[in-house]
Amino acid sequence: MSRTRLRWASAWGVGSFAILTLSLAACGITDDAGPEGNGGAEYSARPRTTAAPTSQAPSDWTEPSRWAALPRNERVDTRGNQVGFPQSTEGAVAMLAAASNTTVEAGRTAVDVQLGIYESYMAQSDHSDVNAERIELQAIQTDKKIRTDMGLPAGSALPDGAYVRSHVIGFQVVKESGSEVSAWLLSRATTKPGETAKERGTYTRSLVAAIWEDNDWKLSSAATQRAYQQAGSNEKPPIVAPGDESFNRGGWTAIREAS
């Protein structure tokens, strides 16, 4: 049993927008985020992503045994997204993390985020009018859900200090080559409904894959489907925070922020 005590907390279902976009482009599969600490609010737009409660700071921190400082991007595109990662395994993981590190806040909606991911990171084989429309419609519902759970009127602007964020904190490579890399991502999703409100969050685990295309790494639904087929019935890495002893036993590599 983990030495870290766990408590359920609502994350308003932000999950990983990159995974949402990828799954919608692939086949529209969605799952909910599991039990919520606020009495059952559900979120049905998180595909193939498993969530666990955030953990309190453990009294006996176990230092992660594997750390990685992921390579930086070469440029920022017109959407303001980081692109241009090196053709290496860690370069692919860096792109997957960049696409999954998302924020919805005042002046930035889920529609902005998800269409930005679609345009900046998706492989050309996943680009179509149908997928773009599906992603936009789902993002509109996500924005409505966020506001409903925050007690805000539909279509209203988020107040200052309110946000929904997802940040990748660890990874585990599944398969790697010079042209295709798949990996489990461990993320922390946090929400705050206002300036003085308490931040709440969950940890999520997602499997996603990238292909090398046009001199950069791109999210690929076909590669992700191959990754799921390869993973099969293999044991999934645990959803645990860095500092928990199970983080190391589960094979996670912690991400060290570049200075």
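Further up the page is the structure itself.
Each value, and the rule that gives it
Residues numbered from 1 in each chain as written. Predicted model: local features only at pLDDT ≥ 70, side-chain atom pairs only at ≥ 80, totals over all residues. Heavy atoms only, no water. Phe/Tyr/Trp six-rings, centres within 6.5 Å; stacked < 30°, edge-to-face > 60°. Lys NZ or Arg CZ within 6 Å of the ring centre and 35° of its normal. Buried < 20%, exposed > 50% of the residue type's maximum accessible area, 1.4 Å probe, protein only. Helix = DSSP H or I, 4+ residues; strand = E, 2+ residues; numbered from the N terminus. Pairing = 2+ DSSP bridges. Salt bridge = Lys/Arg side-chain N within 4 Å of Asp/Glu carboxyl O. Arc of directions from axis to C-beta. Polar contact = N/O pair within 3.5 Å; in protein donor to acceptor, adjacent residues only side chain to side chain. Expected span 1.5 Å × (residues − 1). Axes fitted to C-alpha atoms, helices over the stretch in contact; angles between N-to-C directions. Parallel < 35°, antiparallel > 145°, perpendicular 65-115°, else oblique. Left-handed = near helix turned anticlockwise from the far one by under 90°. Contact = heavy atoms within 4.5 Å. Nonpolar A, V, L, I, M, F, W, Y, C, P; charged D, E, K, R; others polar. Core = buried A, V, L, I, M, F, W, Y, C linked by side-chain atoms within 4.5 Å.

Asks: Where do I start with the packing of aromatic side chains in this structure?
Replies: Tallying each qualifying case throughout the model produces 1 aromatic pair. Pairing Trp 212 with Trp 217 gives two aromatic rings, centres 5.2 Å apart and planes at 70°, and the pair type is edge-to-face. Positioned above the aromatic ring of Tyr 163, the side-chain terminus of Arg 165 is 3.6 Å from the ring centre. Here the guanidinium or amino end of Arg 256 rests over the ring plane of Trp 67, the centre of that ring lying 4.3 Å away.

Asks: What am I meant to see in the pairing of strand β8 (residues 200-213) here?
Replies: In summary, the side chains of a regular strand alternate between the two faces of the sheet. Extensive coverage of β8 is indicated by the burial of 12 of its 14 residues. Pairing of strand β7 (residues 180-192) with β8, which is carried by 12 bridges, proceeds in the antiparallel orientation. Directly across from Thr 190, in β8, lies its bridge partner Gly 201. Sheet topology note: the β8/strand β9 (residues 216-219) ladder contains 4 bridges and is antiparallel.

Asks: Explanation requested: the pattern of salt bridges in the structure shown.
Replies: Think of it this way: side chains of opposite charge can pair up when their charged atoms draw near. As enumerated under the stated definition, the model contains 7 salt bridges in all. A salt bridge links Asp 143 to Arg 147; the nearest nitrogen and oxygen atoms lie 3.6 Å apart. One end of the pair is Asp 143 and the other is Arg 147, both in helix α4 (residues 129-149) and 4 residues apart, which spans about a single turn. For Asp 143, a relative accessible area of 9% corresponds to the buried category. On the basis of relative accessible area, Arg 147 is assigned to the buried category, the value being 7%. The closest approach of N and O atoms between Glu 245 and Arg 249, which form a salt bridge, is 3.7 Å. Linking Glu 245 with Arg 249, this pair stays in helix α6 (residues 245-249), spanning 4 residues, or about one helical turn.

Asks: When you look at helix α5 (residues 221-231) in this model, what are you seeing that I'm missing?
Replies: Residues spaced three or four apart along an α-helix point in a common direction, a consequence of the helix completing one turn every 3.6 residues. Along α5, the positions that sit buried rather than exposed are Ser 221, Ala 223, Thr 224, Ala 227 and Ala 231. Viewed along the axis of α5, the buried residues span an arc of 160°, placing them on a single side of the element. By the N-cap criterion, in which a side-chain oxygen at the helix start approaches the backbone nitrogen of a residue two or three places on, α5 is capped by Ser 220, the distance to Ala 222 being 3.4 Å. Gly 232 sits one or two positions beyond α5 and adopts a positive phi of about 50°.

Asks: What is the right way to read the environment of Met 122 from this model?
Replies: Examined against the element boundaries, Met 122 turns out to sit in the loop between α3 (110-121) and α4. For the pair formed by Met 122 and Trp 217, sequence separation is 95 residues and the distance between their alpha carbons is 9.0 Å.

Asks: Where do I start with α3 in this structure?
Replies: With 12 residues, α3 should reach 16 Å at 1.5 Å per residue; the first-to-last C-alpha distance of 16 Å fits that figure. α3 sits mainly inside the fold: 10 of its 12 residues count as buried. Turning to α3, its buried residues number three or more, namely Ala 110, Val 111, Val 113, Gln 114, Leu 115, Gly 116, Ile 117, Tyr 118, Ser 120 and Tyr 121. Backbone nitrogen of Val 111 and a side-chain oxygen of the N-cap are separated by 3.3 Å at the start of α3; the cap is Thr 109.

Asks: Is there a simple way to explain unusual backbone geometry in this structure?
Replies: Glycine aside, a negative phi is what most residues show, and trans is what most peptide bonds show. In the Ramachandran plot, Asp 214 falls in the positive-phi region, its phi being about 55° despite a non-glycine side chain. Relative to the elements of secondary structure, Asp 214 occurs in the loop between β8 and β9. Judged by relative accessible area, Asp 214 falls into the exposed class, the value being 63%. Positioned with a positive phi, Asn 215 is a non-glycine residue whose angle comes to about 60°. Mapping Asn 215 onto the fold places it in the loop between β8 and β9.

Asks: Where do I start with the packing of α3 against α4 in this structure?
Replies: Axes are the key here: two packed helices are described by the angle between their axes and the distance separating the axes. At a minimum axis distance of 8 Å, the contact between α3 and α4 shows a crossing angle of 155°. Between α3 and α4, the interaxial angle falls into the category roughly antiparallel. When you trace α3 past α4, the crossing you get is right-handed. Touching Ala 110, Val 111, Gln 114, Leu 115 and Tyr 118 of α3 are Asn 131, Ala 132, Ile 135, Glu 136, Gln 138, Ala 139, Ile 140, Thr 142 and Asp 143, all from α4. Residues that form the contact of α3 with α4 fall into these classes: 8 nonpolar, 4 polar and 2 charged.

Asks: What exactly am I supposed to notice about the nonpolar core here?
Replies: Note that soluble globular proteins tend to have their nonpolar side chains buried in a common cluster. Counting 38 residues, the largest nonpolar core has Leu 70, Met 95, Leu 96, Tyr 121 and Leu 219 as its most contacted members. If you list the elements that add at least two residues to this core, you get α2 (89-100), α3, α4, β6 (163-176), β7, β8 and β9. Look past the residues within four positions of Tyr 121 in its chain and what remains in contact with it is Asn 81, Gln 82, Val 83, Met 95, Ala 98, Ala 99, Gly 116, Lys 218 and Leu 219.

The analysis is restricted to geometry; functional conclusions fall outside its scope.
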